[in-house]
Amino acid sequence: NVRQTDWFQEWPDSYVKHIYSSEDKNAQRHHSSWAMRNTNNHNSRILKKSCLGVVVCGNDCSTLDGRKIYLRPAICDKARQKQQRKCCPNCNGPLRLLSCRGHGGYPVTNFWRHEGQFIFFQ
């Protein structure tokens, strides 16, 4: 019994559940600002997406204005491995992938389920 839908969350963080209207364009596209990859879960009613993490400088360098280097990881495994062999654009140090890890160290996974007028997100 859905009484109210939620405002779309672009950066869901921690264990959350949201109910979006099926009219919400971002929810329809399963949009997330986190780097996510579709995962085949053999259930056509539920879309499963896994978080890929973030690519950082292995030397933990900073730019002249004090910002750290954070790069969006490539979606496919082969391209992500190739990306990590490249050098940091700031200091030419090695790049490394920081994986998304949730409660208990498990990978972070989003689930999107369409039911009539609603899209359920977890």
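Residues numbered from 1 in each chain as written. Predicted model: local features only at pLDDT ≥ 70, side-chain atom pairs only at ≥ 80, totals over all residues. Heavy atoms only, no water.

- The chain has the name GCM domain-containing protein in an unreviewed UniProt entry, where Bambusicola thoracicus is given as its organism.
- In its Subcellular location (unreviewed entry) section, UniProt records this for the chain: "Nucleus". (UniProt positions renumbered as here; feature names shortened; annotations may be inferred.)

## Some remarks on the overall build of the chain
Piece 1. Secondary structure summary: the chain contains 2 helices and 8 strands in total.
Piece 2. Listing every helix and strand of the chain by position from the N terminus yields β-α-β-β-β-β-α-β-β-β.
Piece 3. Taking as baseline every contact in the chain between residues at least 6 positions apart, the subset at least 24 positions apart corresponds to 49%.
Piece 4. Positive and negative side-chain charges in the chain, numbering 19 and 9 respectively, have mean positions lying 9 Å apart. (Helix = DSSP H or I, 4+ residues; strand = E, 2+ residues; numbered from the N terminus. Contact = heavy atoms within 4.5 Å. Lys, Arg positive; Asp, Glu negative; His and termini not counted. Charge placed at Lys NZ, Arg CZ, Asp CG, Glu CD.)

## Here we look at the pattern of salt bridges
Piece 1. Per the stated rule, a full pass over the model turns up 6 salt bridges.
Piece 2. Salt-bridge contacts for R45 lead to E115; the nearest nitrogen and oxygen are separated by 1.9 Å. Here R45, found in the loop between β2 (36–39) and β3 (46–51), pairs with E115, found in strand β7 (residues 109–115); they are 70 residues apart in sequence, far enough to count as distant.
Piece 3. A salt bridge links R80 to D77, with the shortest nitrogen-to-oxygen separation between them at 2.4 Å. With a gap of 3 residues between them, R80 and D77 both fall in helix α2 (residues 77–84), about one helical turn apart.
Piece 4. In this structure, a network of salt bridges that share partners links the residues R37, D77 and R80. (Salt bridge = Lys/Arg side-chain N within 4 Å of Asp/Glu carboxyl O.)

## Describing the packing of aromatic side chains
Piece 1. A complete count under the given rule lists 6 aromatic pairs for this structure.
Piece 2. When the ring of Y20 is compared with that of F121, the centres are 6.5 Å apart and the planes differ by 40 degrees; the resulting orientation is tilted. Linking Y20 in strand β1 (residues 18–21) with F121 in strand β8 (residues 118–121), this pair joins segments that are 101 residues apart in sequence. Each of the two residues, Y20 as well as F121, counts as buried.
Piece 3. One aromatic cluster is present, built from ring pairs that chain together F8, Y20, W112 and F121. (Phe/Tyr/Trp six-rings, centres within 6.5 Å; stacked < 30°, edge-to-face > 60°. Buried < 20%, exposed > 50% of the residue type's maximum accessible area, 1.4 Å probe, protein only.)

## A look at the sheet that holds β8
Piece 1. Spatially, β1-β8-β7-β3-β2 is the arrangement adopted by the 5 strands of the open sheet, whose pairing is antiparallel. Either end of the sheet is taken by a strand with one partner, and the two such strands are β1 and β2. On average, adjacent strands in this sheet sit at an angle of 25 degrees to one another, irrespective of strand direction.
Piece 2. Bridging between β7 and β8 involves 4 bridges; their strand directions are antiparallel. Along β8, the bridge assignment pairs W112 with F121. (Pairing = 2+ DSSP bridges. Axes fitted to C-alpha atoms, helices over the stretch in contact; angles between N-to-C directions.)

## Some points on the sheet that holds strand β4 (residues 54–57)
Piece 1. Pairing is antiparallel in the open sheet, where 3 strands are placed in the order β5-β4-β6. Across the chains shown, the open sheet's two edge strands, defined by having one partner strand only, are β5 (70–71) and β6 (95–98).
Piece 2. In terms of strand pairing, β4 meets β6 through 4 bridges, oriented antiparallel. Note that in β6 the partner of C57 across the bridge is L95.
Piece 3. Against the sheet, α2 makes contact with β4 and β6, and its axis sits at roughly 135 degrees relative to β6, the strand it touches most.

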